[in-house]
Amino acid sequence: MNIYVLLKKTFDTEEKIAVTNGEIDSDGVEYIINPYDEYAVEEAIKQRDAHGGEVTVVTVGDEDSEKQLRTALAMGADKAVLINTEDDLEDGDQFTTAKILEAYLEDKEADLILAGNVAIDEASGQVGPRLAERLGIACVTTITGLEIDGDLAKIDKDVEGDVEKLEVNLPLLVTCQQGLNDPRYPSLPGIMKAKKKPLEELEIDDLDLEEDDLEPKTKTVDIFLPPEKEAGRVLEGEIADQVKELVSLLRNEKKVL
Amino acid sequence: MDFELSKEQTMIRKMVRDFAENVIKPRTVEIDTQAKFPLDIFKQMGELGLMGIPFPEEYGGSGGDTLSYAVAVEEIGRVCGSTGLSYAANVSLGASPIYYFGTEEQKQHFLKPIAQGKVLASFGLTEPNAGSDAGGTKTTAILQNDEYVINGEKCFITNANYADTITVTAVTGKRPDGKNIISAILVPANTKGLKITSPYDKMGVRGSDTAEIILDNVHVPKENLLGDPEKGFKQFLYTLDGGRISIAALGLGIAQASLEKALAYAKERSQFGKSIANFQAIQFKLADMAMEVELARNMVYKAAWLKDHNKPFTKEAAYAKLFATETATRAANQAIQIHGGYGYMREYEVERYLRDAKLLEIGEGTSEVQRMVIARQLGC
């Protein structure tokens, strides 16, 4: 099976977000594989081990994205592709990324493409479905189970806590939800082998794309942190009095009742 | 000069940290209070290839280097001193001497399963009357009909209750000058006449296994002799040099943990109407801790780097071991002080750091022995 994984690097979940001059400050920040994309990498490796074939991990990013790709290779992926847009693109959005990935994947005859459900930074969840649409293949989002039998994929899809069971023909794009699997740690031999695995670097030129084709469809108007939470107020006294006071506060002061 | 870890070393740090945080950390309190060796954790560490970091693939290793291994010990020590100690002892003392001095056959037979993480191994050097004075070894091995017959007693041996193979040092003869010839011999733990018990109730590193070994007419084939029969003493000095880097890395991990806990608590704890991190008395403690941790890290990594580049590292390994382990004790002690009364309570875990750190100033060469080694290297 010809399997592709779409991977994005995101801020480490431990990082504090700081905004300077209307932009998110990324100086000295540690990056990780987007946690949902880790489910995608794990699932790709499992499906390959069960059905044979090859797992290629693809990212649209910059020079530093190599670290996350190497981690995916250390987990067990076979090949990695870095589409480096650092020098060519000032800006990009989900449209940009999906279009670049389409250009890369259109002649690859992928049987299965896996992506994360959302990236934990911008959380749009759009790149996967947009790409499937552009490639003209089926797409199932937020999957929590995947069984492949020949050309048929039997899928559990998370629907706000319930499970929807689907059967879909390959080729197929899925986005992976928490609960699908338990991503492995890259093993020591895996880490050492990863440096010998192929990592191809491409620029948009190599995909016959130009900056104008990739102009983002959205515009960022403002970036700001949520307002700091104000200190709460603890009511005291008998329960009945507290309830009365609470109702009065909600009605008169906050005017929500 | 380049102070950056390589991509692989960075990935190893991240992987070991994730594993330590997710798998070991939830168990550290139980490992300490119940003094229970976490065999299942060692099994998982073996599967991840951690036991074979500094050994080549042909012997079941991962083909990494000493620096990667030191980083791994540091990260495990950061969450659990007991697990860190048993890990360091297994690789540096259990596996390494076989890798350094073993024949091809011994490496295939004994080293491979250790490096692959399938079994654990121990190094039986210390005796009741041969601690810092390792030359005072009393255990004997007499060659009879192509077999060594070993008699004696070993104490404070890490991991021996769980080991498959124990490298035992024993007197095998006398040199013309009357001094004992000490050799190292590989003894399978299930050999008849070998009795392994754990009579100890330790102050710290309580979850790390520590054993007493009685050897009563233990017969092993003469092929189990490790390395040069005349140079057993030199061999274990070299082994201990390497081991020191890992104990230094373990001290570094505990010191780092002490700093992190103390800093977090200082920011959170409020007295006199503000966070105690605003008080200079606390700030100076934290500044000293942070500085010493970083200095220890530089020394540990340098000693590892020297070893990886086949340069002499005896003196630097002693510097690293001495400074990093004493830093661990100081940092843990100050972490308790910054926590005040809460720090004295087990619940806050910093008291465990101090109990664990103290062992590191004693095991694998006391601080005093490190100073002796350094002085000797200076030509005294």
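None of the values given here were measured: they were computed from a predicted structure.

## Some points on the overall build of chain B
Thought 1: Helix and strand counts for chain B come out as 11 helices and 10 strands.
Thought 2: Its C-alpha atoms give chain B a radius of gyration of 21 Å, near enough to 21 Å, the size a compact globule of 380 residues would have.
Thought 3: Along the three orthogonal principal directions, the C-alpha set of chain B runs to about 80 × 45 × 40 Å.
Thought 4: Counting the 380 residues in chain B, one finds 56% classified as buried.
Thought 5: Taking contacts inside chain B between residues at least 6 apart in sequence as the whole, the part at least 24 apart equals 72%.
Thought 6: Element-wise, carbon and sulfur atoms account for 52% of the exposed surface of chain B, whose accessible area totals about 16,600 Å².
Thought 7: In chain B, 43 positive and 46 negative side-chain charges are present, and the distance between their average locations comes to 4 Å.

## What about the UniProt feature "domain: Acyl-CoA dehydrogenase/oxidase C-terminal" (unreviewed entry) in chain B?
Thought 1: Within the UniProt annotation, "domain: Acyl-CoA dehydrogenase/oxidase C-terminal" (unreviewed entry) is assigned to residues 231–378 of chain B.
Thought 2: As annotated, residues 231–378 of chain B has a helix share of 77% and a strand share of 3%, and its two end C-alpha atoms lie 24 Å apart.

## Examining empty space enclosed by the protein
Residues and elements named next belong to chain B.
Thought 1: Inspection of the entire model under this criterion finds one cavity of 30 Å³ or more.
Thought 2: Approximately 40 Å³ is the volume found for the largest cavity.
Thought 3: What lines the largest cavity is Pro97, Phe101, Phe123, Thr169, Ala184, Leu226, Gly232, Gln235, Phe236 and Thr239.
Thought 4: The biggest single contributor to the lining of the largest cavity is helix α7 (residues 232–268), with four residues.

## Let's talk about helix α2 (residues 66–75) of chain A
Residues and elements named next belong to chain A.
Thought 1: With respect to burial, α2 is a largely interior element, nine of its 10 residues being buried.
Thought 2: Glu66, Gln68, Leu69, Arg70, Thr71, Ala72, Leu73, Ala74 and Met75 are the residues of α2 that are buried.
Thought 3: Within two residues after α2, Gly76 carries a phi angle of roughly 140 degrees, on the positive side.

## Remarks on the interface of chain B and chain A
Thought 1: The interface is formed by 20 residues belonging to chain B together with 15 residues belonging to chain A.
Thought 2: Between chain B and chain A the total buried area reaches about 1,500 Å² when both faces are included, carbon and sulfur atoms providing 76% of it.
Thought 3: For the interface between chain B and chain A, the tally reads one salt bridge.
Thought 4: Notably, a salt bridge pairs Lys7 of chain B with Glu66 of chain A, separated by 3.7 Å at the nearest N-O pair.
Thought 5: In this assembly, chain B and chain A are joined by two residue pairs in polar contact (both at pLDDT 80 or more).
Thought 6: At 11 residues, the largest contribution of residues to the side of chain B that touches chain A is made by helix α1 (residues 7–24) of chain B.
Thought 7: The class makeup of the residues in the side of chain B that touches chain A is eight nonpolar, six polar and six charged.

## Side note on the nonpolar core
Thought 1: Core analysis: the largest hydrophobic core is formed by 125 residues, its most contacted members being Leu114 of chain A together with Leu50, Tyr87 and Val300 of chain B.
Thought 2: Broken down by element, the residue count for this core peaks at 13 residues, all from α7 of chain B.
Thought 3: Discounting chain neighbours no more than four positions away, the residues touching Tyr87 of chain B are Phe42, Met45, Leu50, Met51, Ile53, Tyr69, Ala72, Val73 and Ile76 of chain B.
Thought 4: Counting residues in each nonpolar core, the second largest holds 23 residues, with Leu6, Leu131, Leu209 and Leu214 of chain A among its members.

## Some details on the environment of Asp64 of chain A
Thought 1: Of note, Asp64 of chain A is situated in the loop between β6 (54–61) and α2.
Thought 2: Asp64 of chain A sits 112 residues away from Cys176 of chain A along the chain, and the two C-alpha atoms are 24 Å apart.

## Quick look at the environment of Leu111 of chain B
All names here are of chain B.
Thought 1: With respect to the element layout, Leu111 can be found in helix α6 (residues 104–115).
Thought 2: Take Leu111: its relative accessible area is 0%, and that puts it in the buried class.
Thought 3: When the C-alpha atoms of Leu111 and Lys179 are compared, they prove to be 31 Å apart, with 68 residues separating the residues in sequence.
Thought 4: Excluding residues within four positions of it along the chain, Leu111 makes contact with Tyr59, Ala95, Ile98, Tyr99 and Gln106.

## Digging into the environment of Leu240 of chain B
Residue and element names in this part refer to chain B.
Thought 1: Mapped onto the fold, Leu240 is located in helix α7.
Thought 2: With 80 residues separating them along the chain, Leu240 and Ala320 place their C-alpha atoms 13 Å apart.
Thought 3: For Leu240, the contacting residues outside a window of four places in its chain are Leu93 and Leu125.

## A closer look at the domain arrangement of chain B
All names here are of chain B.
Thought 1: Domain annotation of chain B identifies domain 1 (7–120), domain 2 (123–230) and domain 3 (234–377).
Thought 2: Here domain 2 and domain 3 have C-alpha centroids that lie 31 Å from each other.
Thought 3: At the junction of the two partners, domain 2 supplies 14 residues and domain 3 supplies 10 residues.
Thought 4: For the pair domain 2 and domain 3, the summed buried area comes to about 910 Å², and 71% of that belongs to carbon and sulfur atoms.
Thought 5: Per-residue buried area on domain 2 facing domain 3 is highest for Phe123, Met203 and Val205; these three make up 48% of the total on that side.

## Thoughts on the side chain of Thr210 of chain B
Residue and element names in this part refer to chain B.
Thought 1: Within the secondary structure, Thr210 sits in strand β7 (residues 210–221).
Thought 2: At 2.7 Å, the side chain of Thr210 forms a polar contact with the side chain of Lys202.
Thought 3: Thr210 has contacts with Phe156, Ile157, Asn161, Thr197, Ser198, Tyr200 and Lys202, leaving out every residue within four places of it along the chain.

## Concerning the sheet that holds strand β9 (residues 138–149) of chain A
Pairing between the strands of a sheet comes from backbone hydrogen bonds, and it takes one of two forms, parallel or antiparallel.
All names here are of chain A.
Thought 1: The strand order across the open sheet formed by nine strands is β11-β10-β9-β12-β8-β1-β6-β7-β13, and the pairing between neighbours is mixed. With partners counted over all chains shown, the strands left at the sheet margins are β11 (162–169) and β13 (199–202), one partner each. Each adjacent strand pair in this sheet contributes to an overall mean axis angle of 30 degrees, direction not counted.
Thought 2: Bridge count for β6 against strand β7 (residues 79–84) is six bridges, and the pairing is parallel. Note on β7: the bridge partner recorded for Thr59 is Leu82.
Thought 3: Against the sheet, helix α4 (residues 127–135) engages β1 (2–6), β8 (112–116), β9 and β12 (172–176), with an angle of about 180 degrees to β12.

What counts, and where the lines are drawn
- Residues numbered from 1 in each chain as written.
- Chains lettered and ligands numbered in written order.
- Predicted model: local features only at pLDDT ≥ 70, side-chain atom pairs only at ≥ 80, totals over all residues.
- Heavy atoms only, no water.
- Helix = DSSP H or I, 4+ residues; strand = E, 2+ residues; numbered from the N terminus.
- Rg over C-alpha atoms; globule rule 2.2 N^0.38 Å.
- Buried < 20%, exposed > 50% of the residue type's maximum accessible area, 1.4 Å probe, protein only.
- Contact = heavy atoms within 4.5 Å.
- Areas by Shrake-Rupley, 256 points an atom, 1.4 Å probe, with all protein chains shown as cover.
- Lys, Arg positive; Asp, Glu negative; His and termini not counted.
- Charge placed at Lys NZ, Arg CZ, Asp CG, Glu CD.
- UniProt positions renumbered as here; feature names shortened; annotations may be inferred.
- 1 Å grid on protein atoms, 1.4 Å probe; cavity = no way out; pocket = protein on both sides within 12 Å on 5 of 7 lines; lining within 4 Å.
- Points joined across faces, edges and corners; volume = space filled by probe spheres on them.
- Buried area = accessible area lost by both parts, 1.4 Å probe.
- Salt bridge = Lys/Arg side-chain N within 4 Å of Asp/Glu carboxyl O.
- Polar contact = N/O pair within 3.5 Å; in protein donor to acceptor, adjacent residues only side chain to side chain.
- Nonpolar A, V, L, I, M, F, W, Y, C, P; charged D, E, K, R; others polar.
- Core = buried A, V, L, I, M, F, W, Y, C linked by side-chain atoms within 4.5 Å.
- Domains from an automatic or database assignment.
- Pairing = 2+ DSSP bridges.
- Axes fitted to C-alpha atoms, helices over the stretch in contact; angles between N-to-C directions.

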